[in-house]
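# Descriptive analysis of the structure
In case you want the letters, here they are:
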Amino acid sequence: MPQPIPTARTDEIAKFDALAARWWDPSGPMAPLHRMNPLRTGWIGRRLAAAEGRAGTDLSGLSVLDIGCGAGLASEALARMGAAVTGLDAAPAALAAARAHAGAEGLSIDYREGMPEELAAEGRRFDAVVALEVIEHVADRPAFLAALAGLVKPGGLVFLSTLNRTPRSFLLAKVGAEYILRLLPRGTHDWKMFVTPAELGAEARRAGLRVTDIAGMSPVRGGRDWRESRDVSVNYITAMRRD
C-alpha cells in the first residue's frame, strides 16, 4: 500500500511547539488568534448548523476534526457549541497545553498527536473538518487538501482560514505584524507560502472539494476585534463541501 505524502514541516512544528506555554495567554504571542477566534468559530458554527437545518450555532452530536489545533483555541469554542471535537496536531507540547486547559474547563476533547494523512489512512470520517491558519504552513498543499477531503463524510463541510498572497498581506501580515507592531513572533509566516483564493479553490476541486462560501476577516478597533468583510486581500475564511 502506498504511504501517504507527509504534509507537515518539522521546522513549523517546532516553531509552534515552542509557544505552547503561552498559547492561552490572551496578551501573549497568540494574541491575534485569541482576538480572531470568535469570528472564525462563530462563522463556522453558523454555517455548519445551517447545513444541518439548525438555528444559531447548535452543533450538538456533530463530529468535528480540528486539524493543527495547537493548544485548542478553536477546539474548545466548537466543543462549547456541542460538537464532539477531535483535535489533531503534530506538536506534543501544544497538545499537552490543550489537554490541561480543556481539563481545567471541564471540556471533553479528544486530542491526538499526528498528521491528517495518518488519520485518513485509518479510515476516520467526520461531519466537518476545520483547519485554521494551517495550510500556509504545510509542506504539500494538494496532499493536505486530499487528506482533508478523505477525512470528511460525503456531503460534509471543510473549513479553512488562511492568508492571501498579495502585496497588502506582505505589508500588513508579515512586515507590519511581525516586525513593526510585534503582534506575532518574527518568522511566524513565510509570505511565499500564503495562498490566493483562486489557487485554493482550484486545488480544492482537484481534491474533491467545492467552495461554497468565502469571507474576508478584517481587524477593527486597532486589531482588538475582528469582523467579517468582503475584503479577502489579507485574511480570509472559506467553506468547502465534499460532493
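Look up: the structure comes first, before these words.
Here goes a summary of the coordinates provided. Keep in mind it's a predicted model, so treat the numbers as computed, not measured.

Let us now look at the overall build of the protein chain. Within the protein chain one finds eight helices and eight strands. Here the protein chain, with 243 residues, has 54% of them falling under the buried criterion. Here the analysis covers contacts within the protein chain between residues at least 6 apart in sequence; of these, 68% occur between residues at least 24 apart. In the form shown here, the protein chain has an accessible surface area of approximately 10700 Å², with 56% of it arising from carbon and sulfur atoms.

Evaluated as defined, the whole model comprises 15 salt bridges. Taking the shortest distance from any N to any O, the salt bridge between Glu 122 and Arg 112 comes out at 3.0 Å. Of this pair, Glu 122 sits in the loop between α5 (116-121) and β4 (126-132) while Arg 112 sits in strand β3 (residues 110-113), placing them ten residues apart in sequence. Note that Arg 141 and Glu 199 form a salt bridge whose closest N and O atoms lie 3.9 Å from each other. You can see Arg 141 sitting in helix α6 (residues 141-151) and its partner Glu 199 sitting in helix α8 (residues 197-206), a full 58 residues away along the chain. When its relative accessible area of 19% is taken as the criterion, Arg 141 is described as buried. Residues joined in a network through salt bridges with shared partners are Arg 141, Arg 165, Glu 199 and Glu 203.

Now for the nonpolar core. Across soluble globular proteins, nonpolar side chains show a tendency to be buried alongside one another. Core analysis: the biggest nonpolar cluster contains 32 residues, and Ile 44, Leu 48, Leu 59, Leu 78 and Phe 159 have the highest contact counts within it. At the level of secondary structure, the elements contributing two or more residues to this core comprise α2 (31-51), α3 (73-80), α4 (92-105), β4, β5 (152-163), β6 (209-220) and β8 (235-242). Beyond its immediate sequence surroundings of up to four residues, Ile 44 is in contact with Leu 78, Val 130, Leu 132, Phe 159 and Ile 237. Of all hydrophobic cores here, the second largest spans 26 residues; its members include Ile 67, Val 134, Val 158 and Leu 209.

Sheet analysis places strand β2 (residues 84-89) next to β3, joined by four bridges and oriented parallel. Bridge assignment links Asp 89 to a residue of β3, and that residue is Glu 113.

This part takes up the sheet that holds β2. Spatial ordering of the open sheet is given by β3-β2-β1-β4-β5-β8-β6-β7, a layout of eight strands whose pairing is mixed. One side of each edge strand has no neighbouring strand; the edge strands of this open sheet are β3 and β7 (225-229). Adjacent strand axes in the sheet meet at a mean angle of 20°, parallel and antiparallel pairs treated alike. In this structure, β6 lies alongside β7, joined through five bridges in antiparallel fashion. Across the sheet, Gly 216 pairs through a bridge with Ser 229, a residue of β7. On top of the sheet, α2 reaches β1 (63-67), β4, β5, β6, β7 and β8; it is set at about 40° to β7, its chief contact. Packing against the sheet, α8 makes contact with β6 and β8, and its axis sits at approximately 15° to β8.

Centre distance and the angle of the planes are the two values used to describe a pair of aromatic rings. Here the structure, examined in full by the defined rule, presents one aromatic pair. When the ring of Trp 43 is compared with that of Phe 159, the centres are 6.3 Å apart and the planes differ by 85°; the resulting orientation is edge-to-face. Taken together, the positions of Trp 43 in helix α2 and Phe 159 in strand β5 put the pair 116 residues apart, joining distant regions of the chain. By relative accessible area, Phe 159 is classed as buried at 0%.

Turning our eyes to something else, we now look at the environment of Leu 209. Relative to the elements of secondary structure, Leu 209 occurs in strand β6. Look at Leu 209 and you get buried, because its relative accessible area is 1%. Along the backbone, Leu 209 and Leu 148 are 61 residues apart, and their C-alpha atoms lie at a distance of 9.1 Å.

What counts and how
Residues numbered from 1 in each chain as written. Predicted model: local features only at pLDDT ≥ 70, side-chain atom pairs only at ≥ 80, totals over all residues. Heavy atoms only, no water. Helix = DSSP H or I, 4+ residues; strand = E, 2+ residues; numbered from the N terminus. Buried < 20%, exposed > 50% of the residue type's maximum accessible area, 1.4 Å probe, protein only. Contact = heavy atoms within 4.5 Å. Areas by Shrake-Rupley, 256 points an atom, 1.4 Å probe, with all protein chains shown as cover. Salt bridge = Lys/Arg side-chain N within 4 Å of Asp/Glu carboxyl O. Core = buried A, V, L, I, M, F, W, Y, C linked by side-chain atoms within 4.5 Å. Pairing = 2+ DSSP bridges. Axes fitted to C-alpha atoms, helices over the stretch in contact; angles between N-to-C directions. Phe/Tyr/Trp six-rings, centres within 6.5 Å; stacked < 30°, edge-to-face > 60°.

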